[in-house]
Every structure is written in C-alpha cells, then in structure tokens.
Amino acid sequence: MPTSHTPRAPRIARTLNIGILAHVDAGKTSLTERLLFDHGAIDRLGSVDSGTTQTDTGDIERERGITVRSAVASFTVGSAQVNLIDTPGHSDFIAEVERALGVLDGAVLVLSAVEGVQAQTRVLMKTLRRLRLPTLLFVNKIDRAGARQGGLLTDIRHRLAPHIVAMTAVRGPGTRDARAVPRSLDDADVHAQLAEALAETDDALLARVLDGPPPTPAELRAALAAGTADCRVHPVFFGSALSGQGVGALARGMARLLPPAPVGAEAAAAPYGTVFAIERRAGAGQKTAYLRLFAGELTVRQKVTLHRRGPGGTPVAYTGQLTSLDVVGRPGADRLTAGNIGKVRGLPEVRVGDRLGPADATPEAPEAPGAPGAPGGSARPEADQAHFAAPSLSTVVRAREPGPGPAARLHAALLSLAEQDPLIHTRALPGGTTSVLLYGEVQKEIIAATLARDFGIEADFEPSRPVHVERPVGVGEACEEMARRHHTGLWATIGLRVEPAPAGSGVAFRYETELGALPRAFHHAIEETVHDTLLQGHGGRAVTDCRVTLIRSGFSSPLSTARDFRELTPVVLERALRGAGTRVYEPCHAFELEIPHDTLAPVTARLTAAEAEIAGVAETAGGAPVWLLEGRIPAREVHGVKRWLPGLTRGEGVWWSRPSGDRPLGPGRETGPGRETGPGRETGPGRETPSAAPRAPQAGRADSAPSSHPFP
C-alpha cells in the first residue's frame, strides 16, 4: 500500500504505440535502451556490444548484435504510456518491419549523424509517408567524429522529406562534448523560422505570417502538432543514444506531437486486433502472442476467434481460449483495452498476421469498427497492404543426419519458425527436404543458427536461387465431365476458366455455377485444390495474379466423394492454363549505388551488361563529388555486382539493394528442365499435363448410377 513517502505512479491518460525504425547500425536499439533507462523502465543501461539490451532477447541477437525479431517495451512520459516497438534494421528482416507497420500510431526514424541518409532510410521513409504515419526523425551519434548538422538537414530535405523542423541544435558536433540544445520559441529567430516552415503547408498560418497578427508560441506549438499528426511536417531531433544527449527532448516530442491511440467508442465494439509477433522460448511449448487491439476488450478465459489466409489464399479460422493475458506497460491489469498491446497465451494455433474479430474484418475488408482504415481506427488505410516486396530467393534445407526421423524433425522445426515468419513459406519436398523462401543470406545464416541452437538440428542449405513465378497471358477454359453411361473415371464434373488479374492481386477463386449445385464439401475441395495446385506450380514456379472461375460442376450421389474433386481439379486446371498460356517472371532488386565521379562510364557499362535498368543518375552535392545511381536489376545479378564493384571503384563504391517486384524473364534463360521462355514466348500447347488415371469402382459402386442432380 502506498505511503505518504511513496511517489504515486502517474495516471495513464493515453497510449502511444511507436515504432523505432532505421538503417542497420544507425543506433535504434541503443536509443530504445536509453529511452527505457532514462524514464525508469529499467534500472541498468544495457549495451548492444555486450548483448545486454532489453529488446534483443534472443541468444543469436545478443551474439551478433543485430535485431532479428520485433520487440516491445514501454515507458511513461507524464501521463502518456509509450509502447516502443524495436524493429530490425537489416533488409533481410524487412518482413518484421512490415508486420509492425500495421499496429503503429507513429514512428521514430533514426539516422546516423555520420552516415546520414542511407538507402534503407529512404525506403522506410517513403513507406511511412505513403502510409501517412506520423514520424519524428532522430539524428543519432552527434558525438562521433564526422557528425554533421546543417549539411545533413539539407540532405534530409532533398532525399527524405521536404518539410522538416529542427527541434534541437547541436553544439560541438563530432566531438565527445557534443550537446543537443532545445530550440526555444521564446527566441525570435527560432519563432520566425518555425512559423515560416509551418506556413509552407498551412494556408491559414501563411496568412497570419504575411498579414498578421503573427502566431503566438502556443499557436505555433498547436500547428506543429497538427502538422505532425497529418504527416505534413516532420520534426527533427539531434542527440546521442550513448550519452543521452537530446533523448529527453525526443521523448517529450513523442508525447506532445504524435497522436495517441483512439479511445471511446472502440471499447464497446466487438474485439478486433492483429497478432504481430510470436514468442516461443527454446524448450517451451506454449506460445506467447503479441496482439495490438484496435477495438473492444479482452479478458482472461475469454474465447476468441482468429482468422488468416491459408497458403493458397483460402480462409482459415480457429477458436481458442485465453489462459493468460499481460498488458504491456500495465502490470496487474486484468483486461486489454482498445489501443493497447497485450501478451496472450492459450492459442496453440496462433501465427503472426492472424486477425482477431469477425470473419469480414480481414485485410480485404478493413471496415470493422476501430480497424485500420475505418473511422476511429488508429492505423492508416494502407496498413493492411503489403508495403515491401515478397522474398525473392528460395533454398532447400536438409537435415545433416540421414533418415526419415531427422528429416521430420527438421520440417517440424521450420514449421515452428514459419509461425513467427509466415513469409518463409515452408514446404515439404520429396526426399525429406524442405524449401523455404528468403530475403537474403544473413536470414539464411540466422535460420541455420536457430535450428542448431533452439532445436538441436544441424542442417545443410542448398545455394539460394531466385524465385520465379508464372502469370497467365490469356484466357483458357477446360472441362471434364462424367459420362452419362458406363462411367469409369473420377465421379466428378468440373469446368474451370483461367484469366489474368492485375499484378500483385494474387489468386482469386470465383463461381459462375449455383452454389447449391454441389455439396459444400465438394466446393471446398475444388477451391482448396485450385489454390494448392497454383502454389506448387510448374517445376517449383507458382502461378499467380489470376482469376479462376468454376464454370461447370456436377456429382453423382452416393458415388462422388471429395477425393474425386481433389484429384480431378489439377487436371482441369492444367488444361485451362495450357489454353491461357503463361509467362515466366524473375525477381528484381531496386538498387542505389554511390560511385566516385570518374568511374561512371565503366560502372554503367557493367550494369547494362548485367541487364540493369538505370532509372536515374544524379551528382550529389557537398564533399567529394560522387554519382548516385538508381534502378532495378535481376536478383540473380546482385551477387556478381557486389563481386566486381570494389575493383572498378577502388573500394569506394557503396551498393544497396532490396527485393522490388519482378519482370519477364530474359530471352534464352533456362527456367526448368527442357523449357525456355521469355518475353513474347508464352507457354501454351505442348505443356505437359498430369493425366487423371481412372479409379476402379469401389465396393458398392457401379460403373454408372443415377445422379441426385441432373448432369450439367
């Protein structure tokens, strides 16, 4: 019980869910640690180098000094609770950033005062601005040699965001005595500069600046908060996570400038939320799911239903009961309310990306109360869409120890990892091997280390290969019908149409037949098999971005079974695809490249030979003149570029790339056993199709029998 000498904990009036994002090594985990320490959330300041930080809790994270999984920690600033979500900085783990974006109210983008605006910084900022997610900028490492202030602000305006406001100034940048000093609105120069900066995006304020009366300091603070919330303006703070300089000003800026999670009507709505992280300690079977709640309330022992899309896009739902619930930042709280994050247990089937709530409150229909994009929702309309490209590499994993037992344990372990990162798309292959998708080689190393450390499995990985996909280029139809008499094949009638769909739309399944014409189990068998067949694809290439329509159906009672429809569907689908024709696409990387001024010609020549599309060439301002090149390049060429670039640029070239969509495979490129395709060379007649072997009538089945419905 508190005594008169015990300081009373401040009453929490609002909650902020803030993501910490950065290019790798900009210092975001150190910043998170400093924020927690300075505000009393932890009693000892940890270090990335010593592996003692609060958010890098995994053994591998501590050993390597990098963030692999998003982590949540909280502290309070006055009456505001800030839930910090520390995300990975390495581009191989961009999927973790992807999942965090959908649960944030705002973000802090960390830059290094020495390295400045880096490639990953630009990618993240473009995404944050597209999502209209309120963002503060924190320039870290002002006490390191080479730290910049004025020139860096110019770079930020040119390369990140045009409308920024410096909230602190730096004295002695680049020295151990560097200090971050808040800029006061009581200073006439600061007042005038802030008013002019805000007036660039606020017509009412512009009129006050030009015609008077001039805005008061209080009005400028309100305009700055409104501009930040609307993503028109981005405040910039300077500081050092190691020394603590400027971190207090940043924390106060979070509380004053970033809009909080909404409260009020959401509490009375049905629970709706998103699972954005899964935690399972080595040797522990129970999962802990991190759930951001947008609407409603949750309590222990409450039954909940979660939804997701299966591997082929089919809806999956399951119900569980919460056996434990901890509200982040609220020890002892007995319920999770809208706007907060909870750690829940008791859901053995839970996976990252699962949605809590009614079936129609999915990413395809985000209109549920409090849902992202809905009135009262705290995330942005685009928060449920994919913000970064899918993995562009695949590899095959096999247990080093021979035999079916180790192979089964390996597959089970990879399935467990897929619960935390569904984008690796674990798939069993013949011979006891398993395929996984990757963003890069560092991710492969982390998976291998995790298998060895957490599961005791030594595994070998085949060299990574680009992930090719196929897309239909025309419309194709096929139908297989039961004979009216003396039928000896599969007891099913199926007709399918395949047609192209917009890029990035995936696979959509539709019906032109009457839904009641088939039992529900047969409909489900057709739809599920269509998705599974297209996912498996041809020679490991999935078929995507197409609409598949059921145009004909029939069955014979009591002879037809779901198995008949599952076996016949791939045959009909393959024939429809052959009629439509497909084109093979290969993954690409978007790249940025800085090179010395005198190496432009040889570097561009080599890039052109590597089939790169150079979209822009610009000369950077300030310092030694260098060229900045931007464009796209096939993923298969990235490793080669990294090999020859140092020699052509005397070791001064700086390369960065990330997965960025795909393009038609170049002419003459081998895409599978005995097959070559390219732009203008679609697959068509001559495609091999699996045959539907007739199944002998089972006991109690005749070669022909009356149907309970007329054959269509």
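The rules behind these values
- Residues numbered from 1 in each chain as written.
- Predicted model: local features only at pLDDT ≥ 70, side-chain atom pairs only at ≥ 80, totals over all residues.
- Heavy atoms only, no water.
- Helix = DSSP H or I, 4+ residues; strand = E, 2+ residues; numbered from the N terminus.
- Buried < 20%, exposed > 50% of the residue type's maximum accessible area, 1.4 Å probe, protein only.
- Contact = heavy atoms within 4.5 Å.
- Areas by Shrake-Rupley, 256 points an atom, 1.4 Å probe, with all protein chains shown as cover.
- Core = buried A, V, L, I, M, F, W, Y, C linked by side-chain atoms within 4.5 Å.
- Pairing = 2+ DSSP bridges.
- Axes fitted to C-alpha atoms, helices over the stretch in contact; angles between N-to-C directions.
- Polar contact = N/O pair within 3.5 Å; in protein donor to acceptor, adjacent residues only side chain to side chain.
- Salt bridge = Lys/Arg side-chain N within 4 Å of Asp/Glu carboxyl O.
- Phe/Tyr/Trp six-rings, centres within 6.5 Å; stacked < 30°, edge-to-face > 60°.
- Lys NZ or Arg CZ within 6 Å of the ring centre and 35° of its normal.
- Patch = residues over 30% accessible without salt bridge, like charges linked within 9 Å, V, L, I, M, F, W, Y side chains within 5 Å.

Q: Help me out: how do you make sense of the overall build of the protein in this one?
A: When helices and strands are counted, the protein shows 15 helices and 35 strands. For the protein, the residues scored as buried account for 51% of the 712 residues in total. The long-range fraction of contacts in the protein, counting pairs at least 24 apart against all pairs at least 6 apart in sequence, stands at 72%. As displayed, the protein has an accessible area near 31,300 Å², and 52% of this comes from carbon and sulfur atoms.

Q: Just checking my understanding: could you explain the nonpolar core for this structure?
A: Inside soluble globular proteins, nonpolar side chains tend to come together where they are buried. Ranked by size, the top nonpolar core spans 42 residues in total, and within it Leu31, Phe75, Val108, Leu198 and Met254 carry the most contacts. At 7 residues, the largest contribution of residues to this core is made by helix H9 (residues 247-257). Not counting residues within four places of it along the chain, the set of residues in contact with Val108 comprises Ile18, Gly19, Ile20, Leu21, Leu31, Leu136, Phe138, Leu250 and Met254. Counting 39 residues, the second-largest nonpolar core is a separate cluster that includes Val103, Leu137, Phe238 and Tyr290.

Q: What should I look at first to understand the sheet that holds strand E27 (residues 507-511) in this one?
A: Each strand in a sheet pairs with its neighbour through backbone hydrogen bonds, running either in the same direction (parallel) or in the opposite one (antiparallel). Read from one edge of the open sheet, 4 strands run E25-E26-E29-E27, paired in mixed fashion. The strands lining the two open edges of the sheet, one partner per strand, are strand E25 (476-480) and E27. Across the sheet, the mean angle separating the axes of adjacent strands is 20° when strand polarity is ignored. Both E27 and strand E29 (residues 546-554) contribute to a ladder of 5 bridges, which runs parallel.

Q: Help me understand the side chain of Asn340 in this model?
A: Along the polypeptide, Asn340 turns up in the loop between strand E16 (335-337) and strand E17 (341-345). Reaching out from Asn340, the side chain makes a polar contact with the side chain of Thr15 at a distance of 3.1 Å. Setting aside residues up to four positions removed in sequence, Asn340 forms contacts with Thr15, Gln81, Leu291, Arg292, Leu293, Val327 and Arg330.

Q: What exactly am I supposed to notice about the pattern of salt bridges here?
A: Where charged atoms from two side chains of opposite charge approach closely, those side chains can pair. For the coordinates displayed, the defined rule picks out 36 salt bridges. Salt-bridge contacts for Arg34 lead to Asp38; the nearest nitrogen and oxygen are separated by 3.3 Å. Placement of both Arg34 and Asp38 in helix H1 (residues 28-38) is noted, with a separation of 4 residues, approximately one turn of the helix. Classification of Arg34 as buried rests on a relative accessible area of 9%. The partner of Glu470 in a salt bridge is Arg541, and the shortest N-O contact between them spans 3.0 Å. Here Glu470, found in strand E24 (residues 469-472), pairs with Arg541, found in the loop between helix H12 (520-536) and strand E28 (542-543); they are 71 residues apart in sequence, far enough to count as distant. The exposure class assigned to Arg541 is buried, which follows from its relative accessible area of 3%. Overlapping salt bridges bring together Glu586, Glu611, Glu613, Arg636, Glu637 and Arg663 as one network.

Q: It is not clear to me how the packing of aromatic side chains should be interpreted in this structure. Could you clarify?
A: What characterises a pair of aromatic rings is the spacing of the ring centres plus the angle enclosed by the ring planes. On inspection of all chains with the given rule, the structure shows 6 aromatic pairs. Each ring, one from Phe276 and one from Tyr290, has its centre 6.2 Å from the other, and the planes form 55°; the classification is tilted. Of this pair, Phe276 sits in strand E10 (residues 272-279) while Tyr290 sits in strand E11 (residues 288-295); the two residues are 14 residues apart in sequence, bridging distant segments of the chain. Among the aromatic residues, ring-to-ring pairing joins Phe522, Phe555 and Phe565 into one connected group. Positioned above the aromatic ring of Tyr585 is the side chain of Arg471, whose terminal nitrogen or guanidinium carbon lies 4.5 Å from the ring centre.

Q: I'm lost on a nonpolar patch on the surface in this one. Help?
A: Residues Leu206, Val209 and Leu210 make up a contiguous nonpolar surface patch of about 250 Å² in total accessible area. Classification of Leu206 by relative accessible area gives partly exposed; the value is 33%.

Q: Help me out: how do you make sense of the pairing of strand E1 (residues 14-22) in this one?
A: Looking along a regular strand, one sees the side chains alternate between the two faces of the sheet. Of all 9 residues that make up E1, 8 are buried, and the element is covered over most of its length. Sheet analysis places E1 next to strand E3 (residues 80-86), joined by 7 bridges and oriented parallel. Each bridged residue has a counterpart across the sheet, and for Leu16 the counterpart in E3 is Val82. Taken together, the 5 bridges between E1 and strand E4 (residues 106-112) define a ladder with parallel strand orientation. Bridge pairing in E4 links Gly19 to Ala107.

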